[in-house]
Structures are given as C-alpha cells and as structure tokens.
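So you can see what is in the structure, the chains are spelled out below.
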Amino acid sequence: MTGEHPALALRGLAKRFDGTIAVAGVDLDVPAGSFYGLLGPNGAGKTTTLSMAVGLLRPDAGSAWVLGHDVWRDPVTAKRLLGVMPDGVRLFDRLTGAELLAYNGLLRGMDPAVVDQRSAELLDVLALGDAGRTLVVDYSAGMKKKIGLACALLHGPRVLVLDEPFEAVDPVSAALIRDILTRYAAGGGTVVFSSHVMEVVERLCSHVAILAGGIIKRVGTIDEVRGDRSLEQVFVEVVGGRTATGEELSWLSR
Amino acid sequence: MALPVTAAPAAPVRAVSARHFVRLKLRVMGNNFRGQGWRVALFIGGALVGLWFAASGFFLFAAPGLAGDDRYAMLIAAAGGGLLVLGWLLLPLVFFGVDETLDPARFALLPLPRRTLVVGLFTAALVSVPVLAVLIATFGLVLTAWALGGWSAGLVAAVGVVAGLLLCVAASRAVTSAFATMLRSRRVRDLAAVLLAVVAALLGPLQIFGLAALRETDWDRLTGVASVIGWTPFGAPWTAGIDVAQGRVWAAPLKLLITVVALAALLAWWSRSLESAMVGAASTGRAPVRRGVTGGAVAQLFPRVASWVRRDQFGALVAREARYWWRDARRRANLITIAVVGIFVPVMLNFGGAGFVAEGEQGLTLGASDSSPVLVTLSMLFVGVLASVTLANQFGFDGSAYAANVVAGVTGRVELRARMTAFSLYVLPMLAVVAVALSVVLGRPGWIGLTAGSLAATYGAGLAVNSFVSVLGAYSLPETSNPFAMNSGAGVAKGLLTLLAMVTSAVVAVPMVVAAALLGDAWLWLALPVGTAYGLGAALLGAYLAGDVLDRRQPELLATVTPRR
C-alpha cells in the first residue's frame, strides 16, 4: 500500500526563530529502504529539519509525510511508523535502562510480553545489561546514545530518524550502532540520520543530502554527490569553509 | 609581540570585582527579556506587586514614628524584622526557590578565588526586586528612629536596616545552597527530607505563637519578648536604631556586632556549600552499579504503589510519573512541602481562635477550639488547593524529556489522567491523614466526613484547574540538580501563575463552603459523598477538556518546557 510512497517526504519545510531563519524551505525525498545521511556544519538546521519532520517542532510552512501519512495532519499513524532519537533532548533519565525501555514500549501500545523480550535482547546486544539498576542519568554519554537508539528501535518502526547518533560515542559503541543500523536497513527499514562525520556517512549511506544555512545544497545518491572526489572535499566546497592564512592567531605557535 | 600561549600571566591584568558579577546578572536578565514581551510584562507586574508590599511594609514600620509613640517601636521593629529574616530563610525552601540567574557551577572553571566568587555572587543576589522592596519597607524603621531620636538614631537605624537586609539575603542563599547540596546526594536525601520538614514545620508553631500573641492584650509583656528577640540575629539589625532613640546608645554597637558576626558566619557557610555545588555540577560521581534485577523490564517499571495499574499506555505513564515523584529531588521537595504545610495550616487556622492563647502563667495551652464547619471547610480548601497547585508546572518538571511522549503520540486526555493518578497515589493518602488528624485534634471525630469531603472536592477542582494551567502556562526549569533553582524572570511568572491557579481552584471549590454554611448538620453527612463526587467529576472533566487543548499544542508545550541554552 505504501510501496509507492517515499519513506519520508519533506516539502517546503521552513522555520524561523526570533527573526533568524533556521530552515528556509527544505524539500527532500527519502526512498524507502535507503540509508540516508543528512550532512551539514553546526547550525545548518539539521536538528530543526528533523524535529519538524517527526512532529516535535511545528513548522512555519511546509509539510512532512511518513510513508504517505502527513505528520502534522495525521500524527497518530505517522508517529506509529516512526522511530526517533532526538539529539540534545533528555531521556526520562531517572529510570533504569530496562524501565525506560518498558516505558517506551508500553507508551507505543505494545504487548507487555513482547516488551520484556525485546528489551532483554536490546540491552544484551547493546551491552547495557551490566548496568543493572543504574539510572540512565548516571550512564556515560555513549551509553545514553545506545539506550536512546534502543528506545527508538523497540517498537519495530518502518522509518528510523536519528539526530547525531555517532556524536560523543567511542569507536567500540559506534561500531555496534553501525552494525545494528546496517542490519535494520538490510531488513527493509529506512534510516535517516544527521551527522558531520564524513567517514561514517561515506561508509554507511546510500544517499546523502548536504544542508547549509537552512537550505539543501546537494542531494542524491552518494556517488552522484561525491563524483570522483572525496565526500569531505565536496562538503567543504559546498559549505564554503575558510582556510587559515597563517597571519592571524600567530600567538598559538611560538 | 608573539607571546606564547602557554605563558600565563603571573597575575591577572585586571582583578575581577563584585561589579562584574552585578553587570553580568543585569546583562543575563536583559537578554532573557529580549523579544519576549510577556516576560517584560510579567516582570513589571511582579515589580508593581513588590512595590505595593514595600509601601504597606513601610507604613507599618513607620507607624510608631509617624504617631510619635515610642511604646510599640521596639515591638514592631523586633517582630516585623524578625519575621522578615524568617521569611527570607524559609520561604525559598517552601515556596519560591532562589533566583539562579548566575549559577555558581558556571564559574567552576574560572580562576577566581572563593572570596571573590562569594562576594560577587552575594552582591549580584542583592540586585533583585524583593531586596529593593524590603529595603523600601524597612526604611520605615529609619523614619521611626529619626522621628523618635533625632538624626543620630536615624543614622544608626539606616546602618542597621542595610545590615539586616544583607543578613536576609545571606541567610536565604546559605540555607538553600546547603539544602540543595544535601538533596543532591542520594545517600543523605532522606535525612535532608526530614530536616527540611522540620525546618518548615517551625512555621506552624511560630505562627500559632504569633496569632496568640496578637490576641494578647498585655502589650508590655510582648515588648519584653521583643527586646529579647532584639538581642538575637533575627531582631538585632532592626532594633539598633530604636535603642539609640530610647537612650540605650551602648546597645547599638553590640547589636550591629551581632549582625556582622551572623552575616560572616552565614557567608562562610554559604561559601563552603558553594564549593560542593560547583564541583557537584561537573561530576555527580558514578553511582554504584546496583544489581539484583528481578523480573522483566515491564515488571521493573511499575513501582509497588502502582502495581495494580494495567500494563498499557496509561499504566506506563502512571508508573513513570510515580517513580519520578520519588526519584526527582525537585518533585520530592514539593511532596514534603504538601505534607508539612497540609498538617500545620489547618491546625493553625482552627486553633487561631480564642481557645488557643497564652493564659496567665500556664503559657500556651490547647483549649477547646471555637472552630466551625465553615472554618474547617476553608482550611481544607487551602490544603486541597495547595496540594493540587504542585501540578501547575507539571510538564516543566519533565523538561525536554517530554519529547518521548510527543514522539509516541500520547493523547492529551490519557496524559493528563495518568499524571493526576500518579500524583494522587502519593497525595491522597496524605490528605486522608490530614482529614482524620484534623477532626481528631479538633475533638470532633464526627467531622471526618466534612474534612475528607471538602478536601476531596477542592483537590479534584484544583487538579482540573491546574491541568489547564500546566498546558497553557508551562515554563522551563533550569537543568541543574538544585531543586530550589529557578530561571531568572521565571520567579515572577511562577509566583503569578501559582497565585492564579490557586485563586481559580479556590473559586471552583467555593460551592463546598457555601454548602457548609447553609446546610447545617445534614452537610456533616453529605459532605463526603458529595465532595468526593464533585472532586472526581471536576478532575475528569478537567482532564477531558484540557486534554483537547494539549492535543493541539503538544509541540508548543515541548518548546516552552525545553530549557534554553
């Protein structure tokens, strides 16, 4: 039924905060089954775009569809298909890992027995089982990312939207998260994630979009965007970074 | 001129002084106002309320001077000033919290000597509306001293008033900081909870004493009490000027010395707890890994109080809220307040009458109360309203974590009903104890129905009103571990919002008072069933209607409770 719809479709999404434009009209089609990387420098509007796409932030203009369901007109259906891991948002961190998973599972209307089974598996695979009764607030940054990912995966969403899943994660945990995401995508799921770690994006993604200053600068499959150069070269060129001339900050080098 | 980056200057080029802290605070306050018209409006509203209190306080303190009557000067200075200090000490703990515009933790990395930091933060704390209001009010004392004893007495009074004000601010900072440190550590949190309860409980007896004292016609004896208070830090700064006016010039330096010593002690105490507040923010320490997990994830989520709730969306919300009311220091502090105030205020109100006074040499004795059904209902109304107003910013407690519920698409009605249920798991038993205890203390066991019914009705009505307030008037709380901290500007907002919620809840519950006044003895029996039905109906209707509103503005609510960084 939803085969012909893109997993995530954004049309003209725009948002301004106190007079500054954060996102100036973003159009994006994420094909079902793709592994989609949203690239951009700090402050490019990645978090704002993704928040509007999943129903956390009301856009000033534009709309978002998940597998053909309008996120803002029909939120219940759209949200059921979505698994979300926001960045810079607290979890209900005065619960233990297991409690947090149970909370999210039941909140999604899942059967308690299924919640128990999946939580145990997720905690085991993500190496969080050892934490026992430790509250999430006392977890390390990497552990928090992993439990956040587990919460997003628990109900078996069709589309996974992750904001900066590899930020502040050690290489071991990052590899674990990569493996899980790859398996999820191989099973027919769609992953959309934001990042500014080129190496991860280059290794994982089938499609990328480069966002800067609130607009999409480049979009397509990774080979289309990259051409015959490295993704990092394309990114720096598109974003327009400056290179130090050596005159300023001379006090840094004796 | 290429100075190596690693060659730190031996001494700071320019020393940091208190002036910088004050300017920083003003700048932070100003930036908070930018582009937020309603915040400016709230601030101005709060300032006007403060001015009004300041003016009435001024005339109270100035009354003996204006009347040219020095008999009561000492009494008013000692009692009024003492109450001020007590208020600054206790009110932040119980109701308002402290303004943490300048969060000490932010200064942890700066190379500042502790003395500079304490003096700076203290000076910055002086820049606030309440301080200005108290300064205006207490200048009434200067007027009194000047009118009664000439310019020298007035001058001493002015010095005393300023010293007293410093004492007030230091006391409130030191106490809240110390309590915050205690509540932050999970190990001693229960001890701290008990201590807080005891401190807040002092409010009760003191007010009973105050009420009794007001009824006492023997003013001379009260003046005796006042002159004793005048030799404690509570009264010393305020009475120094009066002493000069009344010819006891030798007393003034001693009293100012008492004040300065108390002030120094408080600042030293604050400085010690400040250290731990700064370090604590950087690392709360790794909690020991607790093992011994039993049962599946779902079984772990549901605490024993909520074990009967069904295992679905509603149940998950109830269980998580029930856990949070206990695990979140900020919420737990609120529960303790309800417990303490809920017991003492009704007792005070109902024994405030003729039965409870100082009689002859026996001192305070419990006499037969002259309470009435209407008075009982009114006191229950206060408790019910106070308990429910805790939920006025229930989404603010969650902060950005509320995003989980938005993402999961929880409907507003389920959300609000679950939150009411979880809160009631703790509060209803407390209210039941209050209802039974009050009727027993009053010596009228037959009034249990009346007390319980009134409580149920007002509590339910309050839940309904606060559902709306929490959806429409939410504000963000800072993400610090200090349960008493508030964002700058939010202080006024919080006060006004709380006041609005309380007044509206009380209005909704007024039918219970009317019924108590009109129906006579029959009401003693009807109150419980009618009150319970009224409360339950109001709460459900509130969740139903406010739930609709919540459905329409979930993302906006999330944005308002997310702390700005």
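As named in an unreviewed UniProt entry, chain B is ABC transporter permease, taken from Micromonospora acroterricola.

In the annotation of an unreviewed UniProt entry, chain A is listed under the name ABC transporter ATP-binding protein and assigned to Micromonospora acroterricola. Heading Subcellular location (unreviewed entry) of the UniProt record for chain A holds this comment: "Cell membrane".

A.B. asks: How do you make sense of the packing of helix α14 (residues 373–389) of chain B against helix α20 (residues 510–519) of chain B when you look at a structure like this?
C.D. replies: Packed helices, taken two at a time, are described by their axes: the angle between them and the distance between them. Residues and elements named next belong to chain B. Put simply, α14 and α20 touch, their axes get as near as 8 Å, and they point 165° apart. With respect to each other, α14 and α20 are oriented roughly antiparallel. Every pair of crossing elements has a handedness; the one defined by α14 and α20 is right-handed. Counted together, P373, V374, T377, L378 and L381 of α14 and M512, V513, A516 and A517 of α20 form the full contact between these two elements. Counted by class, the contact of α14 with α20 contains 8 nonpolar, 1 polar and no charged residues.

A.B. asks: Which parts of the structure should I look at to understand the interface of chain A and chain B?
C.D. replies: Interface size is commonly expressed as the accessible surface area that is lost when the partners come together. Contacts between the two partners involve 39 residues from chain A, matched on the other side by 50 residues from chain B. The contact between chain A and chain B buries some 4,100 Å² in all, and 58% of this surface belongs to carbon and sulfur atoms. Taken together, chain A and chain B are joined by 3 salt bridges. Close ionic contact of B:R323 with A:E99 constitutes a salt bridge, the shortest N to O distance being 3.4 Å. Applying the counting criterion to the chain A and chain B interface returns 14 residue pairs in polar contact (both at pLDDT 80 or more). Secondary-structure elements contributing two or more residues to the side of chain A that touches chain B are α3 (97–107) and α4 (112–125) of chain A. Tallying contributions element by element places α3(A) first for the side of chain A that touches chain B, with 7 residues. Residues that form the side of chain A that touches chain B fall into these classes: 20 nonpolar, 7 polar and 12 charged.

A.B. asks: Would you mind going over the nonpolar core with me for this structure?
C.D. replies: Burial of nonpolar side chains together is a common tendency in soluble globular proteins. Grouped together as the largest cluster of nonpolar side chains are 168 residues, with contacts concentrated most on A:V66, A:F193, B:L301 and B:F423. Ranked by the residues each element gives to this core, the list is headed by helix α17 (residues 412–441) of chain B, at 13 residues. Once residues within four sequence positions are removed from consideration, A:V66 is found in contact with A:A7, A:L8, A:V71, A:A78, A:L81, A:L82 and A:V159. Formed by 50 residues, the second largest nonpolar core is a distinct cluster that contains B:L141, B:A153, B:V169 and B:L266.

A.B. asks: What is the right way to look at a positive patch on the surface in this model?
C.D. replies: A cluster of basic side chains, namely B:R14, B:R19, B:R23, B:R27, B:R34 and B:R564, defines a positive patch on the protein surface. Looking at where B:R23 falls in the secondary structure, it is placed in helix α1 (residues 18–33).

A.B. asks: Where do I start with the sheet that holds strand β8 (residues 190–195) of chain A in this structure?
C.D. replies: Consider a sheet: its strands pair through backbone hydrogen bonds, and that pairing is either parallel or antiparallel. Residue and element names in this part refer to chain A. Pairing within the open sheet is mixed, and its 6 strands lie in the order β6-β7-β8-β3-β9-β10. Of all the strands in the sheet, the pair left with one neighbour each is β6 (82–85) and β10 (215–221). For this sheet the average axis-to-axis angle between neighbouring strands, irrespective of direction, equals 15°. Here 6 bridges tie strand β9 (residues 207–212) to β10, and the two strands are oriented antiparallel to one another.

About the thresholds
Residues numbered from 1 in each chain as written. Chains lettered and ligands numbered in written order. Predicted model: local features only at pLDDT ≥ 70, side-chain atom pairs only at ≥ 80, totals over all residues. Heavy atoms only, no water. UniProt positions renumbered as here; feature names shortened; annotations may be inferred. Axes fitted to C-alpha atoms, helices over the stretch in contact; angles between N-to-C directions. Helix = DSSP H or I, 4+ residues; strand = E, 2+ residues; numbered from the N terminus. Parallel < 35°, antiparallel > 145°, perpendicular 65-115°, else oblique. Left-handed = near helix turned anticlockwise from the far one by under 90°. Contact = heavy atoms within 4.5 Å. Nonpolar A, V, L, I, M, F, W, Y, C, P; charged D, E, K, R; others polar. Buried area = accessible area lost by both parts, 1.4 Å probe. Salt bridge = Lys/Arg side-chain N within 4 Å of Asp/Glu carboxyl O. Polar contact = N/O pair within 3.5 Å; in protein donor to acceptor, adjacent residues only side chain to side chain. Core = buried A, V, L, I, M, F, W, Y, C linked by side-chain atoms within 4.5 Å. Buried < 20%, exposed > 50% of the residue type's maximum accessible area, 1.4 Å probe, protein only. Patch = residues over 30% accessible without salt bridge, like charges linked within 9 Å, V, L, I, M, F, W, Y side chains within 5 Å. Areas by Shrake-Rupley, 256 points an atom, 1.4 Å probe, with all protein chains shown as cover. Lys, Arg positive; Asp, Glu negative; His and termini not counted. Charge placed at Lys NZ, Arg CZ, Asp CG, Glu CD. Pairing = 2+ DSSP bridges.

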